[in-house]
2 protein chains.
Amino acid sequence: MGEFDLIARYFTRPVRHAALGVGDDCALLAPRPGMQLAISSDMLVEGRHFFADVDPEALGHKALAVNLSDLAACGARPLAFTLALALPRADEAWLAGFSKGLLSLADAHGCELVGGDTTQGPLNICITVFGEVPAGQALLRSGARAGDDIYVSGTVGDARLALEALLGHIHLPGELLAQARQRLERPTPRVALGLALRGLASSAMDVSDGLLGDFGHILKASGVGACIRTDETIKLIAAGAYPSSATGQFDQKLLQQCTLAGGDDYELLFTAPPQHRAAVAAAAAQSQTAVTCIGQVQAEPGLRLVDAQGQPVEHRFASFDHFA
Amino acid sequence: MGEFDLIARYFTRPVRHAALGVGDDCALLAPRPGMQLAISSDMLVEGRHFFADVDPEALGHKALAVNLSDLAACGARPLAFTLALALPRADEAWLAGFSKGLLSLADAHGCELVGGDTTQGPLNICITVFGEVPAGQALLRSGARAGDDIYVSGTVGDARLALEALLGHIHLPGELLAQARQRLERPTPRVALGLALRGLASSAMDVSDGLLGDFGHILKASGVGACIRTDETIKLIAAGAYPSSATGQFDQKLLQQCTLAGGDDYELLFTAPPQHRAAVAAAAAQSQTAVTCIGQVQAEPGLRLVDAQGQPVEHRFASFDHFA
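Residues numbered from 1 in each chain as written. Chains lettered and ligands numbered in written order. Predicted model: local features only at pLDDT ≥ 70, side-chain atom pairs only at ≥ 80, totals over all residues. Heavy atoms only, no water.

Chain A is annotated in an unreviewed UniProt entry as Thiamine-monophosphate kinase from Acidovorax temperans. The UniProt entry for chain A carries this comment under Catalytic activity (unreviewed entry): "thiamine phosphate + ATP = thiamine diphosphate + ADP". Taken directly from UniProt, the Function (unreviewed entry) text for chain A runs: "Catalyzes the ATP-dependent phosphorylation of thiamine-monophosphate (TMP) to form thiamine-pyrophosphate (TPP), the active form of vitamin B1." (UniProt positions renumbered as here; feature names shortened; annotations may be inferred.)

What about the UniProt feature "binding site: Mg(2+) 4" (unreviewed entry) in chain A?
Residues and elements named next belong to chain A. Summarizing the sequence annotation, UniProt attributes the feature "binding site: Mg(2+) 4" (unreviewed entry) to Asp25, Ser40 and Asp70 in the numbering used throughout. In sequence the annotated residues extend across 46 residues, and in space they extend as well, their farthest C-alpha pair lying 26.3 Å apart. Positionally, Asp25 belongs in the loop between α1 (3-11) and β1 (27-29). Here Asp25 falls in the buried class, since its relative accessible area comes to 5%. (Helix = DSSP H or I, 4+ residues; strand = E, 2+ residues; numbered from the N terminus. Buried < 20%, exposed > 50% of the residue type's maximum accessible area, 1.4 Å probe, protein only.)

Some remarks on the side chain of Asp214 of chain B
Residue and element names in this part refer to chain B. Here Asp214 shows up in helix α7 (residues 211-222). No salt bridge is formed by the buried Asp214, whose closest oppositely charged neighbour, Arg141, lies at an N-O distance of 6.5 Å. Here Ser208 takes part through its backbone nitrogen, which lies 2.8 Å from a polar atom of the side chain of Asp214. (Lys, Arg positive; Asp, Glu negative; His and termini not counted. Salt bridge = Lys/Arg side-chain N within 4 Å of Asp/Glu carboxyl O. Polar contact = N/O pair within 3.5 Å; in protein donor to acceptor, adjacent residues only side chain to side chain.)

Comments concerning the interface of chain A and chain B
As a measure of interface size, the accessible area lost when the parts come together is often cited. The interface of chain A with chain B comprises 64 residues on the first partner and 63 residues on the second. Of the roughly 4900 Å² buried at the junction of chain A and chain B (both faces included), carbon and sulfur atoms supply 61%. At the junction of chain A with chain B, the criterion picks out zero salt bridges. Run the count over chain A and chain B and you get nine residue pairs in polar contact (both at pLDDT 80 or more). For the side of chain A that touches chain B, the secondary structure elements donating two or more residues are α1, β1, β2 (35-45), α2 (56-74), β3 (77-87), β4 (112-120), β5 (124-134) and β7 (203-207) of chain A. Top element by residues in the side of chain A that touches chain B is β2 of chain A. It accounts for nine residues. Among the residues making up the side of chain A that touches chain B, the classes are represented as 36 nonpolar, 16 polar and 12 charged. Examined bridge by bridge, β2 of chain A and strand β1 (residues 27-29) of chain B share three bridges and lie antiparallel to one another. Across the sheet, the residue bridging to Ala38 of chain A is Leu28 of chain B, located in β1 of chain B. (Contact = heavy atoms within 4.5 Å. Buried area = accessible area lost by both parts, 1.4 Å probe. Nonpolar A, V, L, I, M, F, W, Y, C, P; charged D, E, K, R; others polar. Pairing = 2+ DSSP bridges.)

A short note on the domain arrangement of chain A
All names here are of chain A. Along its sequence, chain A is carved into domain 1 (3-134) and domain 2 (149-306). Counting residues at the interface gives 21 residues for domain 1, matched by 19 residues for domain 2. At the boundary of domain 1 and domain 2, one finds one salt bridge. Between Asp264 and Lys62 there is a salt bridge, with its nearest N and O atoms 3.0 Å apart. The interface formed by domain 1 and domain 2 holds five residue pairs in polar contact (both at pLDDT 80 or more) in total. Of all the elements in the fold, those that place two or more residues in the side of domain 1 that touches domain 2 are α2, β3 and β5. Looking at the side of domain 1 that touches domain 2 element by element, the count peaks at 11 residues for α2. Of the residues in the side of domain 1 that touches domain 2, the class split is 12 nonpolar, four polar and five charged. (Domains from an automatic or database assignment.)

Overview of the environment of Asp55 of chain A
Topologically, Asp55 of chain A is positioned in the loop between β2 and α2. Sequence-wise, Asp55 of chain A and Gly101 of chain A are 46 residues apart; in three dimensions their C-alpha atoms are separated by 9.6 Å.

Some words on the pairing of strand β9 (residues 268-272) of chain B
Side-chain direction in a regular strand flips from residue to residue, so the side chains alternate between the two faces of the sheet. Residue and element names in this part refer to chain B. The buried fraction of β9 amounts to five of the five residues, a majority that puts the element mostly inside the structure. Alternating positions in β9 separate into two faces, Leu268, Phe270 and Ala272 on one and Leu269 and Thr271 on the other, with burial throughout. Pairing between strand β6 (residues 149-153) and β9: four bridges, direction antiparallel. In the sheet register, Tyr151 faces β9, and the bridge partner there is Phe270. As paired elements, strand β7 (residues 203-206) and β9 share four bridges and run antiparallel to each other. From the neighbouring strand, Ala204 faces β9, where its bridge partner is Phe270.

Concerning the pattern of salt bridges
Pairing between side chains of opposite charge can happen when the charged atoms of each approach one another. Residue and element names in this part refer to chain A. Counting across every chain of the model gives 18 salt bridges over all chains. Among the ionic pairs, Arg277 bridges to Asp149, the shortest N-O distance being 2.6 Å. You can see Arg277 sitting in helix α10 (residues 277-286) and its partner Asp149 sitting in strand β6 (residues 149-153), a full 128 residues away along the chain. For Asp149, a relative accessible area of 0% translates into the label buried.

Below, the structure written as C-alpha cells:
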C-alpha cells in the first residue's frame, strides 16, 4: 500500500463544515463572523507518551483527546484538525485501529479531519486542532483573582497510578488497574464543560503535566498565589474509593502524589469568583461533568497546601518536564 | 535547561497579529471578514527528509519553507504557524541555529509563531501553517482545463542532484554541488508568485515529490490530460547550464530524471488559460520569480512527453512515495 492509498483509505472523508478538506495543498476553513479560531498542537512519541504495544484504537482516541482537551480549556467548540503521522511501516491492522479510534472521537465532537501529512519514520503523531470561540470569550490562564474558588473536573491521578503499575513499580488489583488504565489510555476531553464555563471561569487550563505544576502556570500568568486543601485533593483520585483492604500495596501518600503531580489527566483546572458558585454547579450539571472545589486563589504569591484543620502540609511535588 | 525554559528562550516572541500567542492552552487567530483560513501541515523526520548532520539553521529554514510553499500553492498570505518538535536532547547550539533559521524566514514573510509543543524523542519537526485568502479565491488542483498552458516557477531538479551527490551516487564539481545543495537545504517558497497568480491560474500546487508525479494530482483532480515538452523541462534544472566540460560525470538523462521526478523542489506548478499569458508574465515579473511554460493541458486523459519535434518520448518516471 502506497502513501496516497493509505491516506485515501484511512484518512480521507468528505468534509461537511470546512470549505476544503484532505487532498489539496491546503485545507480551507472559514470561521463564522465574530469568531476567533483557537489552535492547539500536540505531539505524541512512542516510548514517551505511549507504550509501543498500546491498543492502536485507544492511541487514536488519545491523540485527538489531548488536543480537544486544549480546546476545552479555552472554551472553544471543536471544528477541525490536521494529522501528521510518521509510521515505521504501513501496517494495515494498526492503521485500521488507529483511524477508528481517532475518527470515532472526532465524530463525537463534530471535529473534521481536514488535512495533514504522512511519512515514514519512528512512530510520531502530531495533531493540530481548530476550534471557534466568540471573540474575547476564550478562557485564558491569566484571569485568576484573589478570592476566586479553584476547581478541578472529574478525577485526577488515576492515569499516573496506571502508569506506575504498567511500569511494574506498584501492583494494582486487576479491576482497579483496568479502571485506571482507561483513564491513562482513553482520557475524556471536557469539551462540554469548557463551553459551559464561558463567562463563568476567570481562568482555565487542562491538567496534563500534573495538577500543582500546571496550576503554577495559572498563578504565574495571573500574578496571584493560592491555598489548596489536601483533604479535597485526595478525593480527586478515583482509586481512593477502592476498598482499602484490597489496596494494601499502596498508601495515601502515593495516591496524593499521583493526584497532585501525576500528569496525563486531561481534566479542567479552573478558577471562578465565589458569586458564580451556583452557576458553576449548573454548568457542571449541564455538561454532566463533576467538579470539585479544592481551594482559593490568594493575593500572596506562592502555592500553599493545607490539611482539613488548615495546618500547612509540606510538599515537594515536581511537575512533568520533558527535558528536566 | 527544562522544557519551559527552552520554549521561553528559543520559541517565544510577542505576537503582533494573532490575538494570543505561545503560552496558553490555545493560540487565538481572528481571520479578517471575508477571508478563509488556509491550513497546511508538514512533518520532517531525520534520515528521511534531512541528514542528521544538516546545518540546524538551514533545517529551521526548510521546515517552515516547505509549509509556506503549500500556502503559496493556494495563493494564501502567511499569517502564523505552530511548531511541534521532538528532540533527542535540549542541545542549545542546535536550538539556537534551528530557531534562527526558522524565525528569520518567518519574519521575512510576516508569519508568527503562535504555539506548539516540545517533547523528547527521535528528531521530528511538525509545522502547521496558517494563511488567509479571500473566500473563493484559493488556487486549487481541480481547475485545469483543456487548452491551458502549464507553467513551472524557478528551477527544478537541482535539489535531487545534490541529494544524489551527498549520497555518493554521483560526483559534482564543488561549485555546482554548493549551488545545488542550497536548493536542497534552503528552498525558496514562492509566496509572492502565489499571491500574484490569484485570479490568473486555473490550478496550482507545489512540486515536492517530483514534477510529473505531482502534476498527476492536478490531472486527476481536474479530470484532464496533458502534453509536456522535454526540450522545455530540461531547461528547468539550473545545473544544465553548468559548463558541460565539467559535468562529464552525469548525462542529460540524469538531468532530465532529476527535473521530472526529483522532488524537494518547492516550486509552483500551475496552469492558466492562454488569454492570461501576458498577465502571468506580469505576475512573474512583479514577484521577481521566473516562470517557464512547459506544455499544454489536453482533454485526452494521460500525461504525454514530446521532444522539440513533437515526437513522443518514452518515460517511466516514478514519483516519490514514502511507503511504496
